[in-house]
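Here are the chains, one letter per residue:
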Amino acid sequence: MPWKGINDPYKIWLSEIILQQTRVEQGLDYYNRFIKVYPDINALAGASDDKVFKLWEGLGYYSRCKNLLATARYISSELNGIFPKTYTEILKLKGIGPYTAAAISSFAFALPYAVVDGNVARVLSRIFGIKISFESTLNKKIFQNLAQSLLDPDFLGHYNQAIMDFGAIVCKPAQPLCAECPFKKNCYAFKNNLIHVLPVKKKKIVLKKRHLNYLLINKGDKVALIKRDEKDIWHQLFEFYLVETDRNISKNQVIEKFCADNQVESANLKILNYSPELFQKLTHQHISCRFIEIKISERLKNSHRFQWVPRSELKKFPFPRIINQYLESL
DNA sequence: AAACCGGGGGA
DNA sequence: TCCCCAGGTTT
(Lines give C-alpha, C1' and ligand atoms only; values in the text may rest on other atoms or scores of the structure.)
Protein backbone atom coordinates (compact mmCIF):
# COMPACT_ATOMS: atom_id res chain seq x y z
CA MET A 1 0.00 0.00 0.00
CA PRO A 2 1.31 3.44 -0.92
CA TRP A 3 0.78 4.76 2.60
CA LYS A 4 2.91 1.98 4.11
CA GLY A 5 5.86 3.44 5.99
CA ILE A 6 4.43 6.93 5.54
CA ASN A 7 3.86 8.99 8.66
CA ASP A 8 2.39 12.10 7.07
CA PRO A 9 -0.80 12.51 9.13
CA TYR A 10 -2.63 13.91 6.09
CA LYS A 11 -1.98 10.76 4.08
CA ILE A 12 -2.71 8.46 7.02
CA TRP A 13 -5.95 10.30 7.70
CA LEU A 14 -7.04 10.28 4.05
CA SER A 15 -6.31 6.58 3.67
CA GLU A 16 -8.18 5.72 6.88
CA ILE A 17 -11.27 7.68 5.86
CA ILE A 18 -11.27 6.05 2.42
CA LEU A 19 -10.86 2.60 3.98
CA GLN A 20 -13.80 2.96 6.37
CA GLN A 21 -16.28 0.24 5.26
CA THR A 22 -14.20 -0.14 2.13
CA ARG A 23 -11.83 -2.81 0.87
CA VAL A 24 -8.26 -1.85 0.08
CA GLU A 25 -8.62 -2.93 -3.56
CA GLN A 26 -11.67 -0.72 -3.90
CA GLY A 27 -10.14 2.34 -2.26
CA LEU A 28 -6.58 2.22 -3.56
CA ASP A 29 -7.16 4.09 -6.83
CA TYR A 30 -9.22 6.71 -5.05
CA TYR A 31 -6.40 7.28 -2.57
CA ASN A 32 -3.83 7.68 -5.35
CA ARG A 33 -6.02 10.13 -7.23
CA PHE A 34 -6.68 12.20 -4.11
CA ILE A 35 -2.98 12.43 -3.28
CA LYS A 36 -2.16 13.39 -6.85
CA VAL A 37 -4.82 16.11 -7.10
CA TYR A 38 -4.60 17.27 -3.47
CA PRO A 39 -1.05 16.56 -2.24
CA ASP A 40 -1.57 18.29 1.10
CA ILE A 41 -4.37 19.35 3.40
CA ASN A 42 -4.37 22.97 2.26
CA ALA A 43 -4.88 21.90 -1.35
CA LEU A 44 -7.85 19.79 -0.31
CA ALA A 45 -9.25 22.58 1.87
CA GLY A 46 -9.14 24.97 -1.06
CA ALA A 47 -11.04 22.74 -3.45
CA SER A 48 -14.71 23.17 -4.34
CA ASP A 49 -17.32 20.75 -3.02
CA ASP A 50 -18.24 19.51 -6.49
CA LYS A 51 -14.64 18.80 -7.48
CA VAL A 52 -14.00 16.75 -4.35
CA PHE A 53 -17.30 14.86 -4.59
CA LYS A 54 -16.50 14.11 -8.23
CA LEU A 55 -13.26 12.51 -7.06
CA TRP A 56 -15.19 10.53 -4.42
CA GLU A 57 -17.93 9.52 -6.89
CA GLY A 58 -18.65 5.79 -6.79
CA LEU A 59 -16.95 5.15 -3.47
CA GLY A 60 -20.17 5.35 -1.46
CA TYR A 61 -20.98 6.59 2.05
CA TYR A 62 -20.83 10.16 0.87
CA SER A 63 -21.01 11.69 4.34
CA ARG A 64 -17.38 10.59 4.65
CA CYS A 65 -16.55 13.00 1.84
CA LYS A 66 -18.50 15.82 3.46
CA ASN A 67 -16.70 15.30 6.78
CA LEU A 68 -13.35 14.96 5.02
CA LEU A 69 -13.79 18.39 3.46
CA ALA A 70 -15.07 19.97 6.67
CA THR A 71 -12.07 18.65 8.61
CA ALA A 72 -9.59 19.71 5.92
CA ARG A 73 -10.98 23.23 5.94
CA TYR A 74 -11.03 23.36 9.73
CA ILE A 75 -7.40 22.26 10.05
CA SER A 76 -6.30 24.53 7.23
CA SER A 77 -7.98 27.68 8.46
CA GLU A 78 -8.10 27.20 12.25
CA LEU A 79 -4.97 25.15 12.91
CA ASN A 80 -2.62 26.64 10.30
CA GLY A 81 -2.76 23.40 8.37
CA ILE A 82 -1.15 21.46 11.25
CA PHE A 83 -2.83 18.13 12.02
CA PRO A 84 -3.67 17.73 15.75
CA LYS A 85 -1.15 15.52 17.55
CA THR A 86 -3.08 14.00 20.45
CA TYR A 87 -5.67 11.23 20.47
CA THR A 88 -8.24 13.43 22.21
CA GLU A 89 -7.87 16.26 19.71
CA ILE A 90 -7.92 13.88 16.75
CA LEU A 91 -11.08 12.21 18.07
CA LYS A 92 -12.88 15.55 18.05
CA LEU A 93 -12.48 15.96 14.30
CA LYS A 94 -15.47 15.32 12.06
CA GLY A 95 -15.61 11.88 10.50
CA ILE A 96 -13.15 10.48 13.05
CA GLY A 97 -14.33 8.01 15.70
CA PRO A 98 -12.42 5.78 18.12
CA TYR A 99 -11.00 3.47 15.46
CA THR A 100 -9.73 6.17 13.11
CA ALA A 101 -8.39 8.27 16.00
CA ALA A 102 -6.39 5.27 17.26
CA ALA A 103 -5.12 4.51 13.76
CA ILE A 104 -3.90 8.05 13.11
CA SER A 105 -2.48 8.35 16.63
CA SER A 106 -0.42 5.20 16.30
CA PHE A 107 0.57 5.33 12.62
CA ALA A 108 1.28 9.04 12.33
CA PHE A 109 2.34 10.00 15.86
CA ALA A 110 3.55 6.72 17.43
CA LEU A 111 1.05 7.02 20.28
CA PRO A 112 0.15 3.77 22.11
CA TYR A 113 -3.48 3.34 21.10
CA ALA A 114 -4.80 -0.06 20.02
CA VAL A 115 -6.98 -0.09 16.93
CA VAL A 116 -10.17 -2.11 17.08
CA ASP A 117 -11.94 -2.50 13.79
CA GLY A 118 -14.11 -5.36 12.58
CA ASN A 119 -11.05 -7.47 11.77
CA VAL A 120 -9.53 -7.03 15.22
CA ALA A 121 -12.82 -7.72 16.98
CA ARG A 122 -13.22 -10.96 14.99
CA VAL A 123 -9.71 -12.16 15.83
CA LEU A 124 -10.13 -11.41 19.53
CA SER A 125 -13.60 -12.91 19.63
CA ARG A 126 -12.39 -16.20 18.16
CA ILE A 127 -9.06 -16.58 19.95
CA PHE A 128 -10.37 -15.59 23.38
CA GLY A 129 -13.88 -16.97 22.92
CA ILE A 130 -15.65 -13.68 23.51
CA LYS A 131 -19.32 -14.42 23.01
CA ILE A 132 -20.64 -10.89 23.02
CA SER A 133 -21.44 -8.92 19.90
CA PHE A 134 -19.36 -5.97 18.84
CA GLU A 135 -22.32 -3.61 18.73
CA SER A 136 -23.19 -1.94 22.00
CA THR A 137 -20.93 0.75 23.43
CA LEU A 138 -20.31 -1.36 26.52
CA ASN A 139 -19.19 -4.36 24.50
CA LYS A 140 -16.98 -2.19 22.33
CA LYS A 141 -15.25 -1.01 25.50
CA ILE A 142 -14.59 -4.62 26.49
CA PHE A 143 -12.97 -5.35 23.12
CA GLN A 144 -11.08 -2.07 23.27
CA ASN A 145 -9.70 -2.81 26.75
CA LEU A 146 -8.58 -6.28 25.73
CA ALA A 147 -6.89 -4.97 22.59
CA GLN A 148 -5.20 -2.22 24.60
CA SER A 149 -3.86 -4.77 27.10
CA LEU A 150 -2.36 -6.80 24.23
CA LEU A 151 -0.70 -3.83 22.57
CA ASP A 152 3.09 -4.00 22.59
CA PRO A 153 4.33 -0.39 22.69
CA ASP A 154 7.71 -1.44 21.31
CA PHE A 155 6.10 -2.66 18.09
CA LEU A 156 3.21 -0.26 18.05
CA GLY A 157 2.60 0.39 14.37
CA HIS A 158 3.50 -3.14 13.37
CA TYR A 159 1.23 -4.63 15.99
CA ASN A 160 -1.77 -2.57 14.95
CA GLN A 161 -1.21 -3.20 11.27
CA ALA A 162 -0.51 -6.89 11.80
CA ILE A 163 -3.62 -7.74 13.77
CA MET A 164 -5.86 -6.01 11.23
CA ASP A 165 -4.13 -7.70 8.29
CA PHE A 166 -4.30 -11.02 10.11
CA GLY A 167 -8.05 -10.64 10.47
CA ALA A 168 -8.44 -9.63 6.83
CA ILE A 169 -6.21 -12.35 5.34
CA VAL A 170 -6.18 -15.35 7.72
CA CYS A 171 -8.96 -14.99 10.28
CA LYS A 172 -11.50 -14.08 7.60
CA PRO A 173 -15.25 -13.87 8.32
CA ALA A 174 -16.03 -16.88 6.10
CA GLN A 175 -13.68 -19.82 5.54
CA PRO A 176 -10.81 -18.63 7.68
CA LEU A 177 -7.44 -20.31 7.06
CA CYS A 178 -7.41 -22.25 10.35
CA ALA A 179 -5.22 -25.07 9.01
CA GLU A 180 -2.28 -22.72 8.58
CA CYS A 181 -3.12 -20.41 11.47
CA PRO A 182 -0.33 -19.99 14.03
CA PHE A 183 -2.95 -19.65 16.78
CA LYS A 184 -4.85 -22.86 16.13
CA LYS A 185 -3.54 -24.53 19.29
CA ASN A 186 -4.69 -21.58 21.39
CA CYS A 187 -7.79 -20.44 19.56
CA TYR A 188 -10.96 -20.92 21.60
CA ALA A 189 -13.23 -20.93 18.56
CA PHE A 190 -11.09 -23.43 16.64
CA LYS A 191 -10.69 -25.81 19.56
CA ASN A 192 -14.41 -25.71 20.34
CA ASN A 193 -15.59 -25.82 16.74
CA LEU A 194 -17.16 -22.38 17.04
CA ILE A 195 -15.48 -20.67 14.10
CA HIS A 196 -18.83 -20.26 12.40
CA VAL A 197 -20.48 -18.96 15.56
CA LEU A 198 -17.91 -16.36 16.56
CA PRO A 199 -18.02 -13.45 16.37
CA VAL A 200 -21.67 -13.36 17.43
CA LYS A 201 -23.87 -12.39 14.48
CA LYS A 202 -25.61 -9.11 13.99
CA LYS A 203 -29.34 -8.50 13.80
CA LYS A 204 -31.55 -8.38 10.75
CA ILE A 205 -31.84 -5.41 8.50
CA VAL A 206 -35.09 -3.93 7.29
CA LEU A 207 -35.16 -3.59 3.55
CA LYS A 208 -36.88 -0.64 1.93
CA LYS A 209 -37.97 -0.72 -1.70
CA ARG A 210 -37.93 2.55 -3.61
CA HIS A 211 -38.93 3.53 -7.12
CA LEU A 212 -37.12 6.51 -8.57
CA ASN A 213 -38.62 7.90 -11.76
CA TYR A 214 -36.21 10.38 -13.28
CA LEU A 215 -37.13 12.98 -15.87
CA LEU A 216 -34.27 14.27 -17.98
CA ILE A 217 -35.66 17.62 -18.92
CA ASN A 218 -34.04 18.82 -22.15
CA LYS A 219 -34.26 22.46 -23.14
CA GLY A 220 -32.12 23.42 -26.07
CA ASP A 221 -28.86 21.57 -25.54
CA LYS A 222 -29.18 21.70 -21.76
CA VAL A 223 -30.45 19.30 -19.10
CA ALA A 224 -31.83 20.13 -15.67
CA LEU A 225 -29.77 18.90 -12.71
CA ILE A 226 -30.58 19.02 -9.03
CA LYS A 227 -28.22 18.45 -6.12
CA ARG A 228 -29.55 16.00 -3.53
CA ASP A 229 -29.85 17.24 0.03
CA GLU A 230 -28.43 15.74 3.18
CA LYS A 231 -31.38 13.88 4.66
CA ASP A 232 -31.18 10.90 2.37
CA ILE A 233 -28.81 8.69 0.42
CA TRP A 234 -26.39 10.12 -2.15
CA HIS A 235 -25.85 13.26 -0.17
CA GLN A 236 -24.46 16.11 -2.32
CA LEU A 237 -24.55 14.09 -5.51
CA PHE A 238 -26.53 15.28 -8.53
CA GLU A 239 -29.66 13.79 -10.03
CA PHE A 240 -32.41 14.65 -12.49
CA TYR A 241 -35.98 15.69 -11.82
CA LEU A 242 -37.26 13.02 -9.45
CA VAL A 243 -40.70 11.53 -9.00
CA GLU A 244 -40.38 8.96 -6.20
CA THR A 245 -43.09 6.39 -5.57
CA ASP A 246 -43.40 3.31 -3.40
CA ARG A 247 -44.44 1.19 -6.35
CA ASN A 248 -43.96 0.99 -10.07
CA ILE A 249 -45.87 3.57 -12.09
CA SER A 250 -46.16 4.12 -15.82
CA LYS A 251 -44.31 6.81 -17.70
CA ASN A 252 -47.59 8.60 -18.34
CA GLN A 253 -48.24 8.79 -14.62
CA VAL A 254 -44.79 10.25 -14.11
CA ILE A 255 -45.37 12.83 -16.83
CA GLU A 256 -48.80 13.65 -15.42
CA LYS A 257 -47.35 14.28 -12.00
CA PHE A 258 -44.57 16.43 -13.44
CA CYS A 259 -47.04 18.51 -15.44
CA ALA A 260 -49.34 18.98 -12.46
CA ASP A 261 -46.55 19.93 -10.08
CA ASN A 262 -44.98 22.38 -12.51
CA GLN A 263 -48.09 23.68 -14.26
CA VAL A 264 -46.81 22.51 -17.61
CA GLU A 265 -49.12 21.80 -20.54
CA SER A 266 -48.54 18.23 -21.65
CA ALA A 267 -49.00 19.41 -25.24
CA ASN A 268 -45.75 21.37 -24.90
CA LEU A 269 -43.86 18.29 -23.87
CA LYS A 270 -42.33 15.62 -26.04
CA ILE A 271 -41.03 12.23 -24.85
CA LEU A 272 -37.64 11.49 -26.39
CA ASN A 273 -36.63 8.29 -24.67
CA TYR A 274 -37.82 5.83 -22.04
CA SER A 275 -35.27 3.57 -20.37
CA PRO A 276 -35.74 0.01 -19.18
CA GLU A 277 -35.85 -0.53 -15.43
CA LEU A 278 -32.43 -0.31 -13.77
CA PHE A 279 -31.68 -1.64 -10.31
CA GLN A 280 -29.26 -0.86 -7.53
CA LYS A 281 -29.06 -2.76 -4.28
CA LEU A 282 -27.84 -0.97 -1.19
CA THR A 283 -27.52 -2.55 2.21
CA HIS A 284 -30.84 -1.20 3.43
CA GLN A 285 -32.60 -0.32 0.21
CA HIS A 286 -33.49 -1.84 -3.13
CA ILE A 287 -33.75 0.89 -5.70
CA SER A 288 -35.54 0.67 -9.00
CA CYS A 289 -34.93 3.45 -11.52
CA ARG A 290 -36.60 4.57 -14.74
CA PHE A 291 -35.32 7.40 -16.88
CA ILE A 292 -37.63 9.37 -19.14
CA GLU A 293 -36.12 11.94 -21.46
CA ILE A 294 -38.42 14.80 -22.36
CA LYS A 295 -38.17 18.01 -24.30
CA ILE A 296 -40.15 21.04 -23.29
CA SER A 297 -40.77 24.22 -25.20
CA GLU A 298 -42.45 26.39 -22.58
CA ARG A 299 -40.68 28.06 -19.69
CA LEU A 300 -40.54 26.02 -16.50
CA LYS A 301 -42.15 27.62 -13.48
CA ASN A 302 -39.51 26.49 -10.99
CA SER A 303 -36.62 26.75 -13.39
CA HIS A 304 -34.41 28.45 -10.79
CA ARG A 305 -34.41 25.25 -8.72
CA PHE A 306 -32.41 23.52 -11.42
CA GLN A 307 -28.89 23.76 -12.66
CA TRP A 308 -29.05 23.85 -16.47
CA VAL A 309 -26.06 22.01 -17.85
CA PRO A 310 -25.03 21.22 -21.45
CA ARG A 311 -25.19 17.50 -22.20
CA SER A 312 -21.48 17.51 -23.04
CA GLU A 313 -20.60 18.69 -19.52
CA LEU A 314 -22.59 16.07 -17.60
CA LYS A 315 -19.50 14.04 -16.83
CA LYS A 316 -18.10 16.88 -14.74
CA PHE A 317 -20.78 16.31 -12.11
CA PRO A 318 -20.82 13.60 -9.45
CA PHE A 319 -23.72 11.16 -9.83
CA PRO A 320 -24.86 7.99 -8.03
CA ARG A 321 -23.80 4.74 -9.67
CA ILE A 322 -27.22 4.02 -11.12
CA ILE A 323 -27.44 7.38 -12.91
CA ASN A 324 -23.98 6.90 -14.42
CA GLN A 325 -25.11 3.45 -15.46
CA TYR A 326 -27.97 5.00 -17.39
CA LEU A 327 -25.83 7.75 -18.92
CA GLU A 328 -23.28 5.22 -20.08
CA SER A 329 -26.01 3.10 -21.67
CA LEU A 330 -27.02 5.90 -24.05
C1' DA B 1 -29.45 2.24 21.79
C1' DA B 2 -31.02 1.98 17.26
C1' DA B 3 -31.27 3.59 12.59
C1' DC B 4 -29.01 5.19 8.70
C1' DC B 5 -25.46 5.43 5.05
C1' DG B 6 -23.01 2.49 -0.93
C1' DG B 7 -20.75 -0.44 -3.38
C1' DG B 8 -18.29 -4.56 -4.52
C1' DG B 9 -16.63 -9.32 -3.93
C1' DG B 10 -17.27 -14.11 -2.99
C1' DA B 11 -20.27 -18.23 -2.43
C1' DT C 1 -28.22 -14.06 -7.85
C1' DC C 2 -27.85 -13.89 -3.04
C1' DC C 3 -25.32 -12.91 1.00
C1' DC C 4 -22.06 -10.44 3.51
C1' DC C 5 -19.07 -6.72 5.04
C1' DA C 6 -18.63 -2.28 9.00
C1' DG C 7 -17.11 2.99 11.27
C1' DG C 8 -19.27 7.21 12.26
C1' DT C 9 -23.14 10.29 12.59
C1' DT C 10 -27.79 11.16 13.51
C1' DT C 11 -32.00 10.33 15.77
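Keep in mind that this is a model prediction, so the values were computed, not measured.

Enquirer: Help me understand the overall build of chain A in this model?
Expert: Secondary structure summary: chain A contains 13 helices and eight strands in total. Each of the three principal axes of chain A carries a C-alpha extent, and together these read 75 × 50 × 30 Å. Of all 330 residues assigned to chain A, the portion counted as buried reaches 28%. For chain A, long-range pairs separated by at least 24 residues make up 66% of all intrachain contacts whose partners lie at least 6 apart in sequence.

Enquirer: Quick question: what am I supposed to make of the protein's contact with DNA strand C here?
Expert: Neighbouring residues of DNA strand C: 17 residues in total, closest G97, T100, D117, G118 and P173. In terms of residue count, helix 7 (residues 98-109) provides more of the surface near DNA strand C than any other element does, three residues in total. Its residues assigned to classes, the surface near DNA strand C comprises five nonpolar, 10 polar and two charged.

Enquirer: Looking at this structure, I do not really get the protein's contact with DNA strand B. What am I missing?
Expert: In the vicinity of DNA strand B lie 26 residues, with G60, Y62, I233, T283 and R321 positioned nearest. Taken together, the elements giving at least two residues each to the surface near DNA strand B come down to helix 2 (24-37) and helix 9 (137-150). A per-class count over the surface near DNA strand B returns 10 nonpolar, 12 polar and four charged.

Enquirer: For this particular structure, what's the right way to read the domain arrangement of chain A?
Expert: One widely used convention gives an interface's size as the accessible area the parts lose upon coming together. The domains assigned to chain A are domain 1 (1-113), domain 2 (114-203) and domain 3 (208-329). For domain 1 and domain 3, the distance between their C-alpha centroids amounts to 33 Å. With nine residues of domain 1 at the interface, the matching set in domain 3 holds nine residues. Taken together, the elements giving at least two residues each to the side of domain 1 that touches domain 3 come down to helix 4 (49-56) and helix 5 (63-78). With four residues, the top contributor of residues to the side of domain 1 that touches domain 3 is helix 4. A class-by-class count of the residues in the side of domain 1 that touches domain 3 yields two nonpolar, two polar and five charged.

Enquirer: Would you take a moment to explain the environment of I41 for this structure?
Expert: Its place among the elements puts I41 in helix 3 (residues 41-45). Accessibility expressed as a C-beta count within 10 Å gives 24 for I41, which makes it buried. Along the primary structure I41 and K85 are separated by 44 residues, whereas in three dimensions their C-alpha atoms are 15 Å apart. Ignoring sequence-local partners within four residues, the contact set of I41 consists of Y10, A72, I75, S76 and G81.

Enquirer: Is there a simple way to explain the pairing of strand 1 (residues 208-219) in this structure?
Expert: Strand direction decides the pairing type here: strand 1 and strand 7 (residues 285-296), joined by 11 bridges, are parallel. Of the residues in strand 7, the one forming a bridge with L212 is C289. Relative to strand 4 (residues 241-245), strand 1 runs antiparallel, the two sharing five bridges. By the bridge assignment for strand 4, N213 is matched with V243. Bridge count for strand 1 against strand 2 (residues 222-227) is two bridges, and the pairing is antiparallel. Note that in strand 2 the partner of K219 across the bridge is K222. Linking strand 1 to strand 2, which pair antiparallel, is a turn of two residues; within it G220 sits at a positive phi near 65 degrees.

Enquirer: How should I be thinking about the environment of V309 in this particular structure?
Expert: The topology assignment puts V309 in strand 8 (residues 307-310). Among the residues examined, V309 registers 16 C-beta atoms within 10 Å and is labelled partly exposed. For the pair formed by V309 and G118, sequence separation is 191 residues and the distance between their alpha carbons is 43 Å. What V309 contacts, discounting residues up to four positions off in sequence, is K222, V223, L225, L314 and F317.

Enquirer: When you look at the nonpolar core in this model, what are you seeing that I'm missing?
Expert: Within soluble globular proteins, side chains that are nonpolar generally end up buried alongside one another. In this structure, C65, I104, V115, V116, V120 and L124 are the most contacted members of the largest nonpolar core, which totals 50 residues. Looking at this core, the element that brings in the most residues is helix 1 (residues 9-19), giving seven residues. Setting aside anything within four residues of it in sequence, one finds C65 in contact with V52, F53 and W56. Core analysis: the next-biggest nonpolar cluster, separate from the first, contains 18 residues, L212, F240, F258 and I296 among them.

Enquirer: Explain the packing of helix 1 against helix 2 here, please?
Expert: What describes two packed helices is the angle between their axes and the distance between those same axes. Two numbers describe how helix 1 lies on helix 2: the axes approach to 9 Å, and their chain directions differ by 140 degrees. With respect to each other, helix 1 and helix 2 are oriented oblique. Taken as a pair, helix 1 and helix 2 cross one another with a handedness that is right-handed. Contacts between helix 1 and helix 2 involve K11, L14, S15, I18 and L19 from the former and V24, G27, Y30, Y31, F34 and I35 from the latter.

Enquirer: I keep staring at the packing of helix 1 against helix 7 and nothing clicks. Help me out?
Expert: Two numbers describe how helix 1 lies on helix 7: the axes approach to 10 Å, and their chain directions differ by 145 degrees. Crossing hand, helix 1 versus helix 7: right-handed. For the pair helix 1 and helix 7, the contacting residues are P9, I12, W13, E16 and I17 in the first and T100, A103, I104, F107 and A108 in the second. Tallied by class, the residues present in the contact of helix 1 with helix 7 amount to eight nonpolar, one polar and one charged.

Conventions and cut-offs
- Residues numbered from 1 in each chain as written.
- Chains lettered and ligands numbered in written order.
- Predicted model: local features only at pLDDT ≥ 70, side-chain atom pairs only at ≥ 80, totals over all residues.
- Helix = DSSP H or I, 4+ residues; strand = E, 2+ residues; numbered from the N terminus.
- Buried ≥ 20, exposed ≤ 12 C-beta atoms within 10 Å, placed from the backbone.
- Contact = placed C-beta atoms within 7 Å.
- Near = placed C-beta within 6 Å.
- Nonpolar A, V, L, I, M, F, W, Y, C, P; charged D, E, K, R; others polar.
- Domains from an automatic or database assignment.
- Pairing = 2+ DSSP bridges.
- Core = buried A, V, L, I, M, F, W, Y, C linked by C-beta atoms within 7 Å.
- Axes fitted to C-alpha atoms, helices over the stretch in contact; angles between N-to-C directions.
- Parallel < 35°, antiparallel > 145°, perpendicular 65-115°, else oblique.
- Left-handed = near helix turned anticlockwise from the far one by under 90°.

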